[in-house]
Amino acid sequence: MVAFLIAGLIGVYLCNAALYPKTLLAHDAASVQGEKVDSMLWITLIITGTVFLITQIILFWFNFKYQESEKRKAFYFPHNNNLELIWTVVPAIAMTVLVVIGLRNWFAFTGDPPKNAMQVEITGKQFAWIFRYAGRDNVFGKKYYKLIDDANSNSLGQDWADNTNFDDIVVPQTMYAIKGKPVKLIINSRDVIHDVGLSEFRLKMDAVPGTPTTLWFTPKYTTKEMKELTSNPDFQYEISCDQMCGNGHYSMKGVIEVVTQEEYDVWMAQQKPNYYAAFPDKDPSGKKPQLPAADSTKATADSDAATDKTKNVN
Ligand SMILES: [Cu+2]
């Protein structure tokens, strides 16, 4: 028993030394909110770790010390109210404190973001992510799932009868966020339940068809800074789908590019409203629109088709 105890504790120490650098805890959270998640995790680990060590040491030591012996007779000790009270009340208080801290953070992350927050709509589908920015008017146009039409540059089902849709920008796979600026994600799904998993930011939220969910956070480091912090030149902020959503689940990866305000402005200025992808003849620049790769098959809907579509919508 004593040998098991010592070998076990040494094993725990060695595993921790070998594997800790590979865990996310080896570098700090990349969002302000993530720091609170980390602190909750550490508090939980310290409380449960301390209890684990004390109880395991006592368990193994007592097994050894009080092993069967001819010279000793067992002491009959069936019940003690004080002991029962202590080991019920102390864990109950500890659990309550942990749950209350967790709930407060949950309501903060899923509640209203600060006024200066930007908003990005993120929609999961089998097996990719689609992002939408509200454009100049700051209003997301109406969507309707029956209008989803990948062949005609309408991967989100934007309702073209609603003119707040005309400036909405739709981008596949990679979204842009700004260092130090809160970003609120409005999370949707086109088909099954997905999950926006943001391990570097220490947050995640399910994407549920028909029920938008939200989450907001403030990125602390740009992608470039994270490459240096993690000493990994290929570092990306990854959105991993954290719900088993079908046979392509493993490949459902999105990217968040965190940049400075200036870099963001440059990027945003290059984006074209999705309306022009769906109706190229309405594009004032007259150039062939740059389309998301997934939709590029259809850049050339002629104007008749475009007019028909508007009628259908109406
Ligand atoms: Cu998924």
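Refer to the structure printed above.
Along every chain, residues carry numbers that run from 1 in the direction the sequence is written. Owing to the predicted nature of the model, reporting of local features is limited to residues with pLDDT of at least 70; listing and counting of side-chain atom pairs is limited to 80 or more, with chain, interface and lining totals taken over all residues. Only heavy atoms go into the side-chain values, all of them from the structure, while hydrogens and water stay out.

S.K.: I would appreciate a short explanation of the coordination of the copper ion in the present structure.
M.R.: By definition of the ideal shapes, four donors in a tetrahedron about a metal sit 109.5 degrees apart, and six donors in an octahedron sit 90 or 180 degrees apart. Here the coordinating atoms are restricted to nitrogen, oxygen and sulfur within 2.8 Å of the metal centre, or 3.2 Å for Na, K and Ca, and because water is not among them the sites may look incomplete. Here the copper ion is held by His-194 (ND1), Cys-241 (SG), Cys-245 (SG) and Met-252 (SD), and the distances to it run 2.0 to 2.5 Å. Every angle between 85 and 135 degrees makes a four-donor site tetrahedral, while opposite donors more than 155 degrees apart, with all other angles between 65 and 115, make a four-donor site square planar and a six-donor site octahedral; other sites are irregular. If you look at the copper ion, its 4 donor atoms make angles of 90 to 123° with each other, and the shape they trace is tetrahedral. One chain supplies every donor to the copper ion, and in sequence these donors are spaced H-x46-C-x3-C-x6-M. In this pair, Cys-241 is assigned in strand β9 (residues 237-241) and Met-252 in the loop between β9 and β10 (253-259), connecting sequence segments 11 residues apart. Only DSSP runs of H or I reaching four residues or more are called helices, and only runs of E reaching two or more are called strands; each is numbered from the N terminus.

S.K.: Explain the pattern of salt bridges to me, please; I cannot follow it from the model alone.
M.R.: One side chain can pair with another of opposite charge once the charged atoms of both are near each other. Definition used for salt bridges: Asp or Glu carboxyl oxygen within 4 Å of a side-chain nitrogen of Lys or Arg. For the structure shown, the criterion picks out 10 salt bridges. Lys-220 serves as the salt-bridge partner of Asp-28, at 3.0 Å between the closest nitrogen and oxygen. Taken together, the positions of Asp-28 in the loop between α1 (2-19) and α2 (32-65) and Lys-220 in the loop between β8 (213-217) and α4 (223-229) put the pair 192 residues apart, joining distant regions of the chain. Looking at Lys-220, the relative accessible area reads 16%, which means it is buried. The closest approach of N and O atoms between Glu-263 and Lys-224, which form a salt bridge, is 3.5 Å. The buried label applies to any residue whose accessible area, calculated with a 1.4 Å probe on protein chains only, is under 20% of its type's maximum; exposed applies above 50%, and partly exposed to all values in between.

S.K.: Help me understand the sheet that holds strand β7 (residues 203-207), please; the structure alone is not making it clear to me.
M.R.: Each strand in a sheet pairs with another by means of backbone hydrogen bonds, the pair being arranged parallel or else antiparallel. Pairing within the open sheet is mixed, and its 5 strands lie in the order β4-β10-β9-β6-β7. Both edges of this open sheet fall to β4 (174-178) and β7, since each of them pairs with a single strand only. Sheet twist, expressed as the average angle between the axes of neighbouring strands with direction ignored, equals 25°. For two strands to be treated as a pair, DSSP must find no fewer than two bridges joining them. In this structure, strand β6 (residues 194-198) lies alongside β7, joined through 5 bridges in antiparallel fashion. For helices, the axis comes from a line fit to the C-alpha atoms of the stretch in contact; other axes are also lines fit to C-alpha atoms, and the angle between any two N-to-C directions lies between 0 and 180 degrees.

S.K.: Explain the packing of aromatic side chains to me, please; I cannot follow it from the model alone.
M.R.: The geometry of an aromatic ring pair is captured by the separation of the ring centres together with the interplanar angle, meaning the angle of the planes. Ring pairs are drawn from Phe, Tyr and Trp, using the six-membered ring of Trp, whenever the two centres fall within 6.5 Å, and their geometry is named by plane angle: stacked under 30 degrees, edge-to-face over 60, tilted for the rest. One pass over the structure, following the stated rule, counts 16 aromatic pairs. An angle of 45° between the planes, with centres 5.9 Å apart, marks the rings of Tyr-264 and Trp-267 as tilted. Here Tyr-264 pairs with Trp-267, and both are found in helix α5 (residues 261-270), just 3 residues apart, close to one helical turn. For the pair Tyr-264 and Trp-267, one class covers both residues: buried. Aromatic ring contacts, followed pair by pair, group Trp-160, Phe-166, Tyr-275, Tyr-276 and Phe-279 into a single cluster.

S.K.: How do you make sense of the pairing of β4 when you look at a structure like this?
M.R.: Side-chain direction in a regular strand flips from residue to residue, so the side chains alternate between the two faces of the sheet. Most of β4 sits out of view: 4 of its 5 residues are buried. By the bridge criterion, 5 bridges tie β4 to β10 in an arrangement that is parallel. Among the inter-strand pairings, Tyr-176 is bridged to a residue of β10, identified as Glu-257.

S.K.: Any chance you could explain unusual backbone geometry here in plain terms?
M.R.: As a rule of thumb, non-glycine residues mostly have phi less than zero, and peptide bonds are mostly trans rather than cis. A cis amide bond links Gln-126 with the next residue in sequence, Phe-127, at an omega value of 0°. With respect to the secondary-structure elements, Phe-127 resides in the loop between β1 (118-125) and β2 (128-133). Here the phi dihedral of Asn-138 falls at roughly 60°; this positive angle occurs in a residue that is not glycine. The phi dihedral of Gln-173 falls on the positive side, at around 70°, and the residue is not glycine. Along the chain, Gln-173 turns up in the loop between β3 (169-172) and β4.

S.K.: Please clarify how the side chain of Lys-184 should be interpreted in this entry.
M.R.: Among the structural elements, Lys-184 can be located in strand β5 (residues 183-189). Here the positive residues are Lys and Arg and the negative ones are Asp and Glu; neither His nor the chain ends is included. Lacking a salt bridge, the buried Lys-184 has Asp-112 as its closest oppositely charged neighbour, with an N-O distance of 5.3 Å. Contacts are assigned to residue pairs with any non-hydrogen atoms lying within 4.5 Å of each other. Ignoring any residue separated from it by four or fewer positions in sequence, one finds Lys-184 in contact with Pro-113, Met-118, Gln-119, Val-120, Thr-214, Leu-215 and Trp-216.

S.K.: Can you help me understand the nonpolar core in this one?
M.R.: Across soluble globular proteins, nonpolar side chains show a tendency to be buried alongside one another. Core analysis: the biggest nonpolar cluster contains 38 residues, and Trp-129, Tyr-133, Met-175, Leu-185, Leu-198, Tyr-237 and Ile-256 have the highest contact counts within it. It is β4 that contributes the most residues to this core, 4 residues altogether. In contact with Leu-185, other than residues within four places in its own chain, are Val-120, Ile-122, Met-175, Val-196, Leu-198, Thr-213, Thr-214, Leu-215 and Phe-217. Here, nonpolar core means buried Ala, Val, Leu, Ile, Met, Phe, Trp, Tyr and Cys residues that are tied together by side-chain atoms lying within 4.5 Å of each other. One finds Trp-160, Tyr-276, Ala-278 and Phe-279 within the second-largest nonpolar core, a separate group that totals 5 residues.

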